[in-house]
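Structure assessment
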Amino acid sequence: MDRSAVRYQSKRNDNVVERALLAELAVERRRFGYRRLREMARRRGIVMNLKKVYRLYREEGLKVRRRGGRKRAIGARAPLTKAARPNAIWVLDFVSDTLDSGRKFRVFNVEDQFTRRGLGVEVDTSLPGKRIVRVLDRLVATWGKPEMIVSDNGTELTCNAMLKWTTETRIVWHYIAPGKPMQNGFMESFNGKLRDECLNEHVFGSLAEARRIIEAWRIDYNEVRPHSSLGYQTPEEHAAAWAEQAPDASACHRAQGTQGRPGSVEPAAPQACRPTLTDPSARWRERCAAGTEECLRRGRTKECT
């Protein structure tokens, strides 16, 4: 081969600014195709030819979803990415089972995608949208607000109460494509383990018994059960290991939420890594104290004190 060909380095522009602008416009104008997005970009001072806009449009996954059947919420108009840190993406879904009397009940599950930690379970015979909003408010107060939530297009998750809550909290909501549950594979894995290791192993006599057994399984899932996808660590161990490698105290806060189990602590304050009175492990207090000292040393008193 020619030496210039072997040592050739591409000088192609990555078009970072153009990609970011198209993604921003696609979020604002969910039903605009690439032609209208091109015109909107031109009005903001960035001129591109149609073929370039179409190429970037396809590479960024900004295709407008075709509507059909019942009316569904669109959510975030972008391909789903894997979480890079704790509390970045929550995944949630429902599981159904029956009591020994034959009465059906449902289980609402919420999991952190990065740590695989089960953040909460809600068990009842009926779980409408307003009830789900209250559950999410409680989990946000306990673990902190996530950047994104991933779910299917169930009626409880696309109702007006849920859409209003999403707008008020400014949390990005990503709805998977209808009929493709593996786009939410992390949640499907959690549901499968819940059914195989808990629901199919017990006969529930009442809702109170179901709540007690399922919550005990969730705690065991977080603190005792090793996960092959985490190198046979538990979710709590994985979160602790990530917190040790985090560069500052704010990462510690993101890794552990409010350092307690849901329901055992008061709503979390916005300060980074503040230890709670019901902290289940002394090592969390030590890490938070060390992180706070580091913040003070750097002069970040407003965030840490």
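Rules behind the numbers
Residues numbered from 1 in each chain as written. Predicted model: local features only at pLDDT ≥ 70, side-chain atom pairs only at ≥ 80, totals over all residues. Heavy atoms only, no water. Core = buried A, V, L, I, M, F, W, Y, C linked by side-chain atoms within 4.5 Å. Buried < 20%, exposed > 50% of the residue type's maximum accessible area, 1.4 Å probe, protein only. Helix = DSSP H or I, 4+ residues; strand = E, 2+ residues; numbered from the N terminus. Pairing = 2+ DSSP bridges. Axes fitted to C-alpha atoms, helices over the stretch in contact; angles between N-to-C directions. Arc of directions from axis to C-beta. Contact = heavy atoms within 4.5 Å. Salt bridge = Lys/Arg side-chain N within 4 Å of Asp/Glu carboxyl O.

1. Regarding the nonpolar core
With 28 residues, the main nonpolar core has Ile-89, Phe-105, Val-107, Val-123, Leu-194, Phe-204 and Ile-214 as its most contacted residues. Counting residues per element, the ones that place at least two in this core are strand E1 (89-98), strand E2 (104-112), strand E3 (118-124), strand E4 (148-151), helix H7 (185-197) and helix H8 (207-223). Of all the elements, H8 adds the most residues to this core, at 6 residues. Ranked by size, the runner-up nonpolar core spans 20 residues in total, among them Leu-139, Ile-171, Trp-173 and Tyr-175.

2. Observations concerning the sheet that holds strand E5 (residues 172-175)
Taken together, 5 strands build an open sheet; the order of strands is E3-E2-E1-E4-E5 and the sheet is mixed. Looking along the sheet, the strands with just one partner apiece sit at the ends: E3 and E5. Ignoring which end each strand starts from, the neighbouring axes of this sheet average 20° apart. As paired strands, E1 and E2 are joined by 9 bridges and run antiparallel to one another.

3. Looking at helix H6 (residues 160-169)
Restricting attention to buried positions, one finds in H6 the residues Met-162, Trp-165, Thr-166 and Thr-169. Projection of H6 onto a plane perpendicular to its axis shows the buried side chains occupying an angular sector of 100°, all on one side. Among the exposed residues of H6, those pointing more than 90 degrees away from its buried face are Asn-160, Lys-164, Thr-167 and Glu-168. Those residues of H6 hidden inside the fold are in contact with helix H5 (129-143), E4 and E5. One or two positions beyond H6, positive phi appears at Arg-170, with a value near 60°.

4. Focus on the pattern of salt bridges
Summed over all chains, the structure comprises 16 salt bridges. Notably, a salt bridge pairs Glu-39 with Arg-43, separated by 3.4 Å at the nearest N-O pair. Placement of the pair is Glu-39 and Arg-43 together in helix H3 (residues 34-43), with a separation of 4 residues, close to one helical turn. Under the relative-accessibility criterion, Arg-43 is labelled exposed at 61%. Here Glu-122 ties to Arg-131 by a salt bridge, and the two come within 2.7 Å at their closest N and O atoms. If you follow the salt bridges from partner to partner, you end up with Glu-122, Asp-124, Arg-131, Arg-138 and Arg-211 in one network.

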